[in-house]
Amino acid sequence: MIEVVGVIFEEKGSTYYFSPKHLKLKENITVIVETNRGIQFGKVVKKSFYIEQKKLNTPLKNIIRIASKQDYYAHKKNLKDAEEALKKCRKLASKQQLNMQVIDCSYTFDRSQLMFRFLAESRVDFRLLAKELAAIYKTRIELRQVGVRDKAKEIGGIGQCGRQLCCSCFLKDFDSVSINMAKNQNIALNQTKINGSCGRLLCCLKYEDETYTKCRECLPKIGEKIQTEDGEGKVVSIDILTKKYSIEIPRIGIVEKSVQCEKC
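Within each chain, residues carry numbers counting from 1 in the order of the written sequence. Local features in this predicted model are restricted to residues whose pLDDT is 70 or higher, and side-chain atom pairs enter the listing and the counts only when it is 80 or higher, whereas totals over whole chains, interfaces and linings include all residues. Values reported for side chains reflect all heavy atoms of the structure, with hydrogen atoms and water molecules removed beforehand.

Here we look at the overall build of the protein chain
What counts as a helix is a DSSP run of H or I of at least four residues, what counts as a strand is a run of E of at least two, and both are numbered from the N terminus. Across its full length, the protein chain carries 7 helices and 12 strands. Taken over the C-alpha trace, the protein chain has a radius of gyration of 26 Å; the compact-globule value for 264 residues is 18 Å, which it surpasses by more than 25%. Taken along its principal axes, the extent of the C-alpha atoms in the protein chain is 85 × 50 × 30 Å. Every one of the 264 residues in the protein chain was classed for burial, and the buried ones make up 37%. In the protein chain, the share of contacts with a sequence separation of at least 24, taken over all contacts with a separation of at least 6, comes to 55%. Within these notes, the globule rule equals 2.2 Å times the number of residues to the 0.38 power, and the radius of gyration is based on C-alpha atoms. Accessible area is worked out with a 1.4 Å probe on protein chains only. A residue is then buried under 20% of its type maximum, exposed over 50%, and partly exposed in between. It only takes one pair of heavy atoms within 4.5 Å for two residues to be counted as in contact.

Considerations on the side chain of Thr-35
Here Thr-35 is to be found in the loop between β3 (30-34) and β4 (39-51). Classification of Thr-35 as buried rests on a relative accessible area of 16%. A polar atom in the side chain of Thr-35 sits 3.2 Å from the backbone nitrogen of Arg-37. Within the local environment of Thr-35, its side chain forms a polar contact with the backbone oxygen of Gly-38, the two atoms lying 2.6 Å apart. Setting aside anything within four residues of it in sequence, one finds Thr-35 in contact with Phe-9, Phe-18, Gln-40 and Lys-61. Between N or O atoms, a polar contact is any pair within 3.5 Å; within protein, one atom must be a potential hydrogen donor and the other a potential acceptor, and residues adjacent in sequence are included only when both atoms are from side chains.

Some thoughts on the environment of Asn-62
Structurally, the position occupied by Asn-62 is in strand β5 (residues 61-66). Leave out the neighbours within four places in its chain, and Asn-62 touches Phe-18, Ser-19, Lys-21, Val-33 and Glu-34.

Right under this line is the structure:
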């Protein structure tokens, strides 16, 4: 077991784990940490707890120190400068007629890197843009293409359920969602019903997929032939949530059956 704390670098952002390095850290305290991008300013959202080392996907880096007032002011300046850099990048991209939409920009705490995230329908040759930005800001430039889900997360909105978009209020990571999940839940494959505000499949299709899969194990498949007390029939429909299915039996018609399922 190894001691870790959870840290975020932006509101609604993903949680990353670091070694507290014997520091006593409470939730909502700001810290300076070492990351693959460089030195970063972050906020503790999960206080110290223990986790099995094998569950960590990447080597654990350290919390360098608790942030001071000077660190906080430096961070605020970085945010302000990043806003100006974002405006400049958008102007340069427009001037170079690049088919891309730059959505945000961020400095590392030590200003060793300036990263821009953008949306684009296809690959973009941004080498000239990166060269011009590097000449202006005298630091390492990274331009990263992201998906429309990231844009929806940034903007926010109201989903079909009438609630705030999951990605903009609590969903930290985007799991893969497939059309088979909609089929598994017997949802009509209507794009207006199964696609979210971002135009991609609804993230919530993932939430109940495991439960539907378990319940399906108790039910026969559509088209399957089953022997009943009324004779042999073919399964023509199933209702997963009520654990019922309908069988078409010759000379009798449609007969509804139910099952007792301990898995759901």
